[in-house]
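Summary of structural features
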4 protein chains.
Amino acid sequence: MTGTDTFHESLQYIQQKTKSILESVPRENIDRVTEAFFTTNRTFVYGAGRSGLVSKAFAIRLVHLGFQTFVIGGTIGAPIKKGDLVWIVTGSGETIPSVMTAEIAKKIGATLVVITGKKQSRITKFADIAIILSVDCLEKEQKQYAPLGTLFEASTWILLDGIIAELMKKKKETEESMRSRHATLELP
Amino acid sequence: MTGTDTFHESLQYIQQKTKSILESVPRENIDRVTEAFFTTNRTFVYGAGRSGLVSKAFAIRLVHLGFQTFVIGGTIGAPIKKGDLVWIVTGSGETIPSVMTAEIAKKIGATLVVITGKKQSRITKFADIAIILSVDCLEKEQKQYAPLGTLFEASTWILLDGIIAELMKKKKETEESMRSRHATLELP
Amino acid sequence: MTGTDTFHESLQYIQQKTKSILESVPRENIDRVTEAFFTTNRTFVYGAGRSGLVSKAFAIRLVHLGFQTFVIGGTIGAPIKKGDLVWIVTGSGETIPSVMTAEIAKKIGATLVVITGKKQSRITKFADIAIILSVDCLEKEQKQYAPLGTLFEASTWILLDGIIAELMKKKKETEESMRSRHATLELP
Amino acid sequence: MTGTDTFHESLQYIQQKTKSILESVPRENIDRVTEAFFTTNRTFVYGAGRSGLVSKAFAIRLVHLGFQTFVIGGTIGAPIKKGDLVWIVTGSGETIPSVMTAEIAKKIGATLVVITGKKQSRITKFADIAIILSVDCLEKEQKQYAPLGTLFEASTWILLDGIIAELMKKKKETEESMRSRHATLELP
């Protein structure tokens, strides 16, 4: 079996499309979602499948920044209350547990941020702030180089890291202060 | 509280550095790790913290491609055996459970692929194939725009998606065949 | 702060009530749910919170017995299909994601086993086989010695271990054959 | 395929042996481990496999009681510090990640509680308080009715629920106050 160029073509495709997707995010959205951390109480994140992994990576950094954070469905939980902040990541905007969680969060009176690839989806109608990550691309290339939710997930991963950098500045945190809150399993 | 440009500067920084990191991966490494899937039995992945989330995202896609895959430490497990393929993701190369897992995998006789940011680390000496993802960058910028393992994790996420595209081609899979193996929670 | 007798009173209460609960399970139910493993394809388990932990403990043993098993919502998943077996554990029978999962499983045509503390609950109407684990007890004692779902969860844990012993016999497995499928992290 | 009596024999065996195991726990141990919650800062729990599930079930209830609690290796973590309380559950007392975690916790200066089935095991030498859950039983019956760690895990599950009842009393909590801290996914 000999190598192909698919690996490099895929890397280039993902990086190029991710860049386009991220450029389309309105600055105003980022201001609103980062400011929400300073006007709400606790933060809850949720996502299913790979979107869930992306949302957990965000939660880990929020903990490093000193925000009280929970993963919905995780072992250590808390009841969502009015005044809390809920982030849900769902590419399709139609994933059943994500939509249900959004509906419940809104009824409780939480502030709901949704990151989705589909502007017209069931979940966006519940969102206080929706960040839409979508891009025009040839379907053939997308299927070959970035199957299923690949572009959405990579874009969301980087978007959330950018939001972390912004929050770090706003909250006057440093890499050192973040490291001090980092769970470790290393011999002292 | 007014917005800053940190968000956009961080996005640009992460994308630019990730690109440099990924360009430095030798083509030969990718050939070897993708071919390993066709000469070994089952695949096991492991990582701690955010590296663990990246490795789980990879595992999900491997399942979509039809490879029998386990997350070490996950609920559904199996004993690693000689002839199996083990992937470990660790930025520092020194994370204790990752190094222990590497040592055990090697003693058992599995093929061990390690993705790490540090060429000279405890884990690399156990690796059959080590993919090193590191880049020169000004420490000040890195701390501000991409604290802790951010660059390593984003690079690994995209690298593994590129490897998935390559495996998809080699195994003659399509987005449709992958979707048919996708866990869903949607009403039929 | 001095010790009280609450610890021992609680142990006795939990063990006594668990015994009563388990004695009320009809033998016929156990025959039906154990035989279902030999007439269906793959097994999926689900539960939220502590019920989810109990269902995962069951899944681990099913893997040891050689049944192909998935935890719904786990990293390594698969789409539920007609002919599969789905187990859902929910004390109240009203937990939203559990009820949704039950509804989806039934629409797909899977065989659905539900373990619940409430015979008249939303989830039981979807069940092919419902195992009801409930007991009359003085509310005051229950609140003090076994708060929230404690009795249901302890009963389910032991019930499922009894089902494992029964399946072990039916499938002619031994502790040794089970150990050979046990994930380990031990130096060889 | 016809039913056997293995199910009922197993239930009886597990309940009888669990009772014997729990009766052998010295009252003094329970006093010491429950008092430790009021003299330490945060609580961390750990276990691998089914022992990990048991320790997570304990963590959920500790959260309900209002103790700040983390699952080691969970998404939401924190660095263990001197003055924290660490609980590790391991049947064999030899599970590598459990022993490593114990060693690290002790070097940091945390108070370490270990629940294990083996008094003479690698982990007990690190423990400040070790609760030993073991029982004499005929090997043949144990293998047939309660394979692998079944007796240890069921005993630990109930032991920890008894400790919760004791803590509930000591901390003057009620089922209602616990429910108010319970994560829910129910429409209000």
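Values in this document were obtained by computation on a predicted structure and should not be read as measured data. (Residues numbered from 1 in each chain as written. Chains lettered and ligands numbered in written order. Predicted model: local features only at pLDDT ≥ 70, side-chain atom pairs only at ≥ 80, totals over all residues. Heavy atoms only, no water.)

Attention now moves to the overall build of chain A. The number of helices and strands found in chain A is 7 helices and 5 strands. Mapped in sequence order, the helices and strands of chain A form the string α-α-β-α-β-β-α-β-β-α-α-α. Over its C-alpha atoms chain A spans a radius of gyration of 17 Å, differing by no more than 12% from the 16 Å that the globule rule assigns to 188 residues. The contacts of chain A with a sequence gap of at least 6 include a subset with a gap of at least 24, amounting to 74%. Element-wise, carbon and sulfur atoms account for 49% of the exposed surface of chain A, whose accessible area totals about 7200 Å². (Helix = DSSP H or I, 4+ residues; strand = E, 2+ residues; numbered from the N terminus. Rg over C-alpha atoms; globule rule 2.2 N^0.38 Å. Contact = heavy atoms within 4.5 Å. Areas by Shrake-Rupley, 256 points an atom, 1.4 Å probe, with all protein chains shown as cover.)

Right, let's talk about the pattern of salt bridges for a bit. With the rule as written, the count across this model stands at 56 salt bridges over all chains. Salt-bridge contacts for E166 of chain A lead to K170 of chain A; the nearest nitrogen and oxygen are separated by 3.8 Å. On the criterion of helical spacing, the pair formed by E166 of chain A and K170 of chain A is a turn pair, its members being 4 residues apart in helix α6 (residues 150-170). Residue classification places E166 of chain A among the buried residues on the basis of a relative accessible area of 0%. Judged by relative accessible area, which is 11%, K170 of chain A ranks as buried. One salt bridge in this structure joins D31 of chain C and R27 of chain C, with 2.6 Å as the shortest N-O distance. Of this pair, D31 of chain C and R27 of chain C are both found in helix α2 (residues 27-36), 4 residues apart, which corresponds to roughly one turn of the helix. (Salt bridge = Lys/Arg side-chain N within 4 Å of Asp/Glu carboxyl O. Buried < 20%, exposed > 50% of the residue type's maximum accessible area, 1.4 Å probe, protein only.)

Next up on the list: the side chain of D84 of chain C. All names here are of chain C. Note that D84 resides in the loop between β2 (69-71) and β3 (85-90). Taking relative accessible area as the criterion, D84 reaches 2% and is therefore assigned buried. Within the local environment of D84, its side chain forms a polar contact with the side chain of R42, the two groups lying 2.9 Å apart. Ignoring sequence-local partners within four residues, the contact set of D84 consists of T40, N41, R42, F44, P79, A110 and T111. (Polar contact = N/O pair within 3.5 Å; in protein donor to acceptor, adjacent residues only side chain to side chain.)

Let us look at the pairing of strand β5 (residues 129-132) of chain D. Residues and elements named next belong to chain D. Covered by surrounding structure in β5 are I129 and I131 only, the residues A130 and I132 on the alternate face being uncovered. Bridging between strand β4 (residues 111-116) and β5 involves 4 bridges; their strand directions are parallel. For V113, the partnering residue across the bridge sits in β5 and is I129. (Pairing = 2+ DSSP bridges.)

With that settled, the discussion passes to the interface of chain D and chain C. Between chain D and chain C, the contact holds 61 residues from the first and 61 residues from the second. With both chains or domains summed, chain D and chain C bury close to 5400 Å², and 66% of this area falls on carbon and sulfur atoms. On the chain D side of the interface with chain C, the three residues burying the most area are F7, R50 and L148 of chain D, jointly 14% of the side's total. Our count for the chain D to chain C interface comes out at 6 salt bridges. The closest approach of N and O atoms between E176 of chain D and K143 of chain C, which form a salt bridge, is 2.6 Å. Elements supplying a minimum of two residues to the side of chain D that touches chain C: α1 (6-23), α2 (27-36), α3 (49-64), α4 (96-108), α5 (139-145), α6 (150-170) and α7 (175-179) of chain D. It is α6 of chain D that contributes the most residues to the side of chain D that touches chain C, 14 residues altogether. Split into classes, the residues belonging to the side of chain D that touches chain C amount to 27 nonpolar, 16 polar and 18 charged. (Buried area = accessible area lost by both parts, 1.4 Å probe. Nonpolar A, V, L, I, M, F, W, Y, C, P; charged D, E, K, R; others polar.)

Okay, the packing of aromatic side chains next. Going through the model one piece at a time under the given rule, you end up with 30 aromatic pairs over all chains. Within the aromatic cluster, the residues linked to one another by ring pairs are F37, F38, F58, F67 and W87 of chain A. The ring of F67 of chain B has K171 of chain B lying over it, and the distance from NZ or CZ to the ring centre is 5.3 Å. (Phe/Tyr/Trp six-rings, centres within 6.5 Å; stacked < 30°, edge-to-face > 60°. Lys NZ or Arg CZ within 6 Å of the ring centre and 35° of its normal.)

The next point concerns the sheet that holds β3 of chain C. Residues and elements named next belong to chain C. An order of β2-β1-β3-β4-β5 is seen for the 5 strands of this open sheet, with the pairing classed as parallel. Lying at the two open borders of the sheet, with one neighbouring strand each, are β2 and β5 (129-132). Each neighbouring strand pair of the sheet contributes to a mean axis angle of 15°, computed without reference to strand direction. This element, helix α3 (residues 49-64), spans β1 (43-47), β2 and β3 of the sheet and lies at about 160° to β1. The sheet strands contacting helix α4 (residues 96-108) are β1, β3 and β4 (111-116), and the helix crosses β3 at an angle near 160°. (Axes fitted to C-alpha atoms, helices over the stretch in contact; angles between N-to-C directions.)

Backbone geometry at L148 of chain A places phi at a positive 55°, although glycine is not the residue there. Owing to a relative accessible area of 15%, L148 of chain A belongs among the buried residues under this scheme.

Both copies of the chain are related by a screw-like operation: a rotation about an axis and a shift along it. Superposing chain A onto chain B requires a rotation of 180° together with a translation of 0.0 Å along the rotation axis, leaving an RMSD of 0.0 Å. The superposition operator between the copies reduces to a two-fold rotation axis. Looking at the rotation axis and the C-alpha trace of chain A, the residue lying nearest is L53 of chain A, at 2.8 Å. In this assembly the copies share their binding face: 100% of the residues contributing to the interface of chain A also contribute to that of chain B. (Least-squares fit on C-alpha atoms with pLDDT ≥ 70 in both.)

Attention shifts here to the confidence of the model for chain A. Detailed reading of the predicted coordinates is not advisable wherever pLDDT is low. Across chain A, the average pLDDT comes to 94, with 96% of residues at or above 70. Scoring of the predicted complex yields 0.96 for pTM and 0.96 for ipTM. (pLDDT = per-residue confidence, 0-100.)

Often, the extent of an interface is quoted as the loss of accessible area on bringing the components together. Between chain A and chain B, the residue contacts involve 61 residues of the former and 61 residues of the latter. A combined buried area of about 5400 Å² lies between chain A and chain B, and 66% of that area is made up of carbon and sulfur atoms. When residues of chain A are sorted by the area they lose upon contact with chain B, F7, R50 and L148 of chain A head the list and together hold 15% of the total. The interface formed by chain A and chain B contains 6 salt bridges. The salt bridge involving D161 of chain A is made with R50 of chain B; its shortest N-O contact spans 3.0 Å. Scanning the region where chain A abuts chain B turns up 16 residue pairs in polar contact (both at pLDDT 80 or more). The leading source of residues in the side of chain A that touches chain B is α6 of chain A, at 14 residues.

The next subject is the pairing of β3 of chain C. All names here are of chain C. For β3, a buried count of 6 out of 6 residues is recorded, marking the element as mostly surrounded by other parts of the structure. Side-chain alternation along β3 places L85, W87 and V89 on one buried face and V86, I88 and T90 on a second face that is also buried. For the handedness criterion, the β-α-β arrangement of β3, α4 and β4 is classed as right-handed. (Right-handed = clockwise from strand over helix to strand, strands pointing away.)

Summarising the element assignment, H64 of chain B is placed in helix α3 (residues 49-64). When near neighbours in sequence (up to four residues on either side) are disregarded, H64 of chain B contacts L148 of chain A together with S177, M178, R181 and H182 of chain B.

Glancing now at the environment of K143 of chain D. Note on placement: K143 of chain D falls in helix α5. K143 of chain D gets classed as partly exposed once you look at its relative accessible area, which sits at 25%. For the pair formed by K143 of chain D and T18 of chain D, sequence separation is 125 residues and the distance between their alpha carbons is 15 Å. Every residue in contact with K143 of chain D, bar those within four places of it in the chain, is listed here: M168, E175 and E176 of chain C. Within the structure, the side chain of K143 of chain D is placed 2.6 Å from the side chain of E176 of chain C, a separation counted as a polar contact.

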